[in-house]
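Commentary on secondary and tertiary structure
Next come the chains, spelled out residue by residue.
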Amino acid sequence: MEAAKVIAAAIDRDEKTVFRIIEDYEPASQLSPITLEAVLEQNIDPAAAKHARVVENLLRIPSRRSKKASAVVAGAFKTHMLQKTKKASVKPDLEAFAERIVKQFEDRYRAAAPQQRDAEIKYILEPLVNTLRTPIRELRQFGRPTLVPKPPKQGAA
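Let me sum up the structure you'll find in this document. The shown structure was predicted, so the numbers you read here are calculated from the model rather than taken from an experiment.

**Describing the overall build of the protein chain**
Within the protein chain, the regular secondary structure consists of 7 helices and 0 strands. Tracing the protein chain from N to C terminus, the helices and strands come up as α-α-α-α-α-α-α. For the protein chain, with 157 residues in total, the buried portion stands at 13%. Sequence-distant contacts, at least 24 apart, represent 40% of the contacts inside the protein chain between residues at least 6 apart. Carbon together with sulfur atoms contributes 57% to the accessible area of the protein chain, which is approximately 13,600 Å² in total.

Shown next as structure tokens:
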């Protein structure tokens, strides 16, 4: 604890930051020297928190010769980036998204007074519609959510 305080003061950071740096370093320190060298050749910080999953994957892979280690490291980072972009590009199903939003509104306004509920919902929806520049001029009231017509899909010919 005393050492962490001294180090934190020296680098002008909080003690918790020092412990986080140590936590991020520990998995990277377990990499084989050949793999670690290959990672550093590619200018990748193995102790960075954003690379923790790749380091975990590299720890599972048996160490290779230096030529193959570079290819393995490059492949691991490429796979990680592809998974990251695929995960970011996946959009939720429109119905699931609508259900989730309706549930959030229901949970929040279940016990609210009708006038307060209506005022707050209007306060939320007006900036939403204006920010997205959605041309909503009127809303129709349907007896059941299943009767609401679904919007056409984009790109439909």
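**Observations regarding the nonpolar core**
If you look at the biggest cluster of nonpolar residues, it comprises 11 residues: Leu31, Ala38, Val39, Ile44, Val54, Val55, Leu58, Ala69, Val73, Ala76 and Phe77. Of all the secondary structure elements, the ones that give two or more residues to this core are helix H3 (33-41), helix H4 (52-60) and helix H5 (66-89). Take this core: its biggest share by element is 4 residues, from H5. Here leucine 58 is in contact with Leu31, Thr35, Val39, Val72, Val73, Ala76 and Phe77, once residues within four sequence places are set aside.

**A closer look at a nonpolar patch on the surface**
Where nonpolar side chains cluster on the molecular surface, the patch consists of Tyr123, Ile124, Leu125, Leu128 and Leu132 and spans about 510 Å² of accessible area. In this structure, tyrosine 123 sits in helix H7 (residues 114-131).

**Some remarks on unusual backbone geometry**
In this structure, aspartate 12 takes a positive phi of about 55 degrees despite not being glycine. Its location among the elements puts aspartate 12 in the loop between helix H1 (2-10) and helix H2 (15-29). Backbone geometry places asparagine 43, a non-glycine residue, at a positive phi of 55 degrees. Of note, asparagine 43 is situated in the loop between H3 and H4. For asparagine 43, a relative accessible area of 74% gives the class exposed.

**Overview of the packing of H1 against H2**
Relative to each other, H1 and H2 sit at 100 degrees, their axes nearing to 8 Å. Taken as axis vectors, H1 and H2 run roughly perpendicular relative to one another. Facing Ala4, Lys5, Ile7 and Ala8 of H1, the residues of H2 in contact are Glu15, Val18 and Phe19. Of the residues contributing to the contact of H1 with H2, the split by class is 5 nonpolar, no polar and 2 charged.

**Digging into the packing of helix H6 (residues 94-109) against H7**
Two elements in contact, H6 and H7, have axes separated by 11 Å at closest approach and are oriented at 145 degrees. Between H6 and H7 the crossing geometry is right-handed. Counting all contacts with H6, which are made through Phe105, Arg108 and Tyr109, the residues of H7 involved are Arg117, Glu120, Ile121 and Ile124. By residue class, the composition of the contact of H6 with H7 is 4 nonpolar, no polar and 3 charged.

About the thresholds
- Residues numbered from 1 in each chain as written.
- Predicted model: local features only at pLDDT ≥ 70, side-chain atom pairs only at ≥ 80, totals over all residues.
- Heavy atoms only, no water.
- Helix = DSSP H or I, 4+ residues; strand = E, 2+ residues; numbered from the N terminus.
- Buried < 20%, exposed > 50% of the residue type's maximum accessible area, 1.4 Å probe, protein only.
- Contact = heavy atoms within 4.5 Å.
- Areas by Shrake-Rupley, 256 points an atom, 1.4 Å probe, with all protein chains shown as cover.
- Core = buried A, V, L, I, M, F, W, Y, C linked by side-chain atoms within 4.5 Å.
- Patch = residues over 30% accessible without salt bridge, like charges linked within 9 Å, V, L, I, M, F, W, Y side chains within 5 Å.
- Salt bridge = Lys/Arg side-chain N within 4 Å of Asp/Glu carboxyl O.
- Axes fitted to C-alpha atoms, helices over the stretch in contact; angles between N-to-C directions.
- Parallel < 35°, antiparallel > 145°, perpendicular 65-115°, else oblique.
- Nonpolar A, V, L, I, M, F, W, Y, C, P; charged D, E, K, R; others polar.
- Left-handed = near helix turned anticlockwise from the far one by under 90°.

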